[in-house]
Amino acid sequence: MKVSDEGQFAPLFDPIALGGVMLSNRICMAPLTRHRSGLDGVPSDLNVEHYRQRASAGLIVTEGIYPAPMGRGYLFTPGLHTDAQELAWSKVTAAVHEAGGKIFGQIMHVGRLSDPLLLDGELPLAPSAVRPDPTARHYTVNCPRPKRPYTTPRAMTHREVLAAIDEFANCAVRARRAGFDGVELHAASGYLPMQFLSPNTNRRDDEWGGTAEKRCNFVLACVDAMIAVTSSDFVAVKIGPGWTFHDVFDDDPLSTYSHLVRALSARSIAYLQIADYGMDWDVYGSLRPLFDGPAMYCAGFTRSSAKTALQSGGADLIAFGQAFISNPDLVDRYRHGWRISRPDLATYYTQGAEGYTDYPNFADCDPRDLLPVDSAPIPISAETTG
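What you are looking at is a predicted structure, and each value in this text was computed from that prediction instead of being measured.

## Brief notes about the sheet that holds strand β3 (residues 27–29)
- If you walk around this closed barrel you meet the eight strands as β3-β4-β5-β8-β9-β10-β11-β12, and the pairing is parallel. When strand polarity is set aside, the average angle formed by the axes of neighbouring strands in this sheet is 25°.
- Taken together, the four bridges between strand β10 (residues 272–275) and strand β11 (residues 295–298) define a ladder with parallel strand orientation. Within β11, the residue paired with A275 across the bridge is C298.
- Against the sheet, helix α9 (residues 303–311) engages β11 and β12 (317–320), with an angle of about 155° to β12.

What follows is the structure in structure tokens.
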């Protein structure tokens with residue numbers, strides 16, 4: 001076994017200044033919904049341990065945090081709009097900081113993808129009253145939520161749009177008080193901000209819809225509001241241009257996201273996370289030159305492809321998702337060339353420690369169960385384990 005691969009993969013381990021913090025490496029933990037919080041949205045002791053274990057990441061981006069009751073879309077996911085939730089998150093951030101890590105909280109409002117059973121009987125909110133395709137659930141069919149087709153949401157009034165923007169800002173304030181190093185606005189995956197960006201879900205003809213520029217206004221207004229109550233280096237944004245996940249479509253994503261990225265660049269945010277989920281156009285090559293600031297690339301990277309992306313001069317940071325699920329010491333494994341563990345798909349969206357805080361560090365693994373370090377972390381299927 002090699003003592004270290006760090007020299008060969010030096011770009012992954014270079015420090016970088018990001019917003020108001022200094023990161024020790026370029027290996028980031030992507031936001032990962034795992035359903036281990038309380039039904040009241042209060043993070044648990046398991047959450048504290050989970051993030052503490054992974055604090056060697058240059059930056060942790062948390063699972064999606066709903067900023068208000070109407071933003072909740074699943075059971076056992078965390079919020080950040082009550083004092084109890086804020087106190088619990090402060091324990092998470094303290095544990096990560098004590099272990100030497102940095103952590104941003106991802107703010108996620110699901111919009112039309114919620115259910116009245118989760119909203120005290122209220123209809124979900126959306127830019128327009130467009131029902132999601134009930135068959136377009138993808139992997140979320142396994143997430144804890146009411147097992148029935150999506151309902152038709154209620155189109156937000158202008159006043160409700162402004163209220164939602166305020167909720168993002170209030171969540172950012174609570175995040176700062178809870179000790180987060182920053183927040184990331186989740187504007188991907190078909191959730192509320194992306195519903196505003198996408199023409200099939202945004203059929204408005206007011207200042208919040210119509211042209212590509214107006215469809216970007218909600219995201220930009222949320223960013224501006226969060227910056228106003230914190231600072232520009234406290235706020236980041238995630239986008240997934242062109243991705244149709246959760247039944248969102250854009251016939252000209254390059255036009256939409258070119259405008260959005262230029263506008264975000266002018267705001268000097270902490271970073272822009274760009275995810276290419278298998279698009280048939282050059283997402284990174286088209287949009288990265290439009291953003292004058294740190295860029296985090298996400299989706300499907302291995303150690304080797306991450307090195308290439310960093311060396312190309314495009315990416316400044318690389319986010320790893322499934323690899324961090326099963327390898328709490330992923331940074332050390334990538335540094336030393338140690339083999340990696342496979343995640344257990346059957347425990348992705350369950351509750352409890354299994355498949356969450358019980359993955360061992362490399363020294364405690366059975367080598368027969370491991371993959372070569374530069375492999376994709378192919379999950380153990382639910383069929384295999386069950």
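## Notes on the packing of helix α3 (residues 158–177) against helix α6 (residues 217–229)
- Orientation of α3 relative to α6, taken along the N-to-C sense of each, is 40°, at an axis distance of 8 Å. Classified by the interaxial angle, the pair formed by α3 and α6 is oblique. Once α3 is placed against α6, the crossing between them reads as right-handed. Facing V161, A164, I165, F168, A169, A172 and V173 of α3, the residues of α6 in contact are F218, A221, C222, A225, M226 and V229.
- Residues of the contact of α3 with α6, tallied by class, amount to 13 nonpolar, no polar and no charged.

## Comments concerning helix α2 (residues 83–98)
- The terminal C-alpha atoms of α2 lie 22 Å apart, and with 16 residues this matches the ideal 22 Å at 1.5 Å per residue to within 8%.
- For α2, the full list of buried residues reads Q85, E86, A88, W89, V92, T93, A95 and V96.
- Along its buried surface, α2 packs onto α1 (45–53), β4 (59–65), β5 (103–107) and α3.

## Considerations on the packing of aromatic side chains
- By the definition in use, this model includes twelve aromatic pairs.
- Ring geometry for W243 against Y277: centres 3.7 Å apart, planes inclined by 20°, an arrangement best described as stacked. Of this pair, W243 sits in the loop between β9 (235–239) and α7 (253–266) while Y277 sits in the loop between β10 and α8 (283–287); the two residues are 34 residues apart in sequence, bridging distant segments of the chain.
- With relative accessibility at 18%, the residue W243 sits in the buried group.
- Ring centres 3.9 Å apart and planes at 10° place the aromatic pair Y284 and Y297 in the stacked group. With Y284 in helix α8 and Y297 in strand β11, this pair connects stretches of sequence that are 13 residues apart.
- Through a chain of ring-to-ring contacts, three or more aromatic side chains come together here, namely Y51, W89 and F180.
- Directly above the aromatic system of F234 lies the positively charged group of R176, at a separation of 4.5 Å from the ring centroid.
- Lying over the aromatic face of F9, K307 brings its terminal NZ or CZ to 4.9 Å of the ring centre.

Conventions used here
Residues numbered from 1 in each chain as written. Predicted model: local features only at pLDDT ≥ 70, side-chain atom pairs only at ≥ 80, totals over all residues. Heavy atoms only, no water. Pairing = 2+ DSSP bridges. Helix = DSSP H or I, 4+ residues; strand = E, 2+ residues; numbered from the N terminus. Axes fitted to C-alpha atoms, helices over the stretch in contact; angles between N-to-C directions. Contact = heavy atoms within 4.5 Å. Parallel < 35°, antiparallel > 145°, perpendicular 65-115°, else oblique. Left-handed = near helix turned anticlockwise from the far one by under 90°. Nonpolar A, V, L, I, M, F, W, Y, C, P; charged D, E, K, R; others polar. Expected span 1.5 Å × (residues − 1). Buried < 20%, exposed > 50% of the residue type's maximum accessible area, 1.4 Å probe, protein only. Phe/Tyr/Trp six-rings, centres within 6.5 Å; stacked < 30°, edge-to-face > 60°. Lys NZ or Arg CZ within 6 Å of the ring centre and 35° of its normal.

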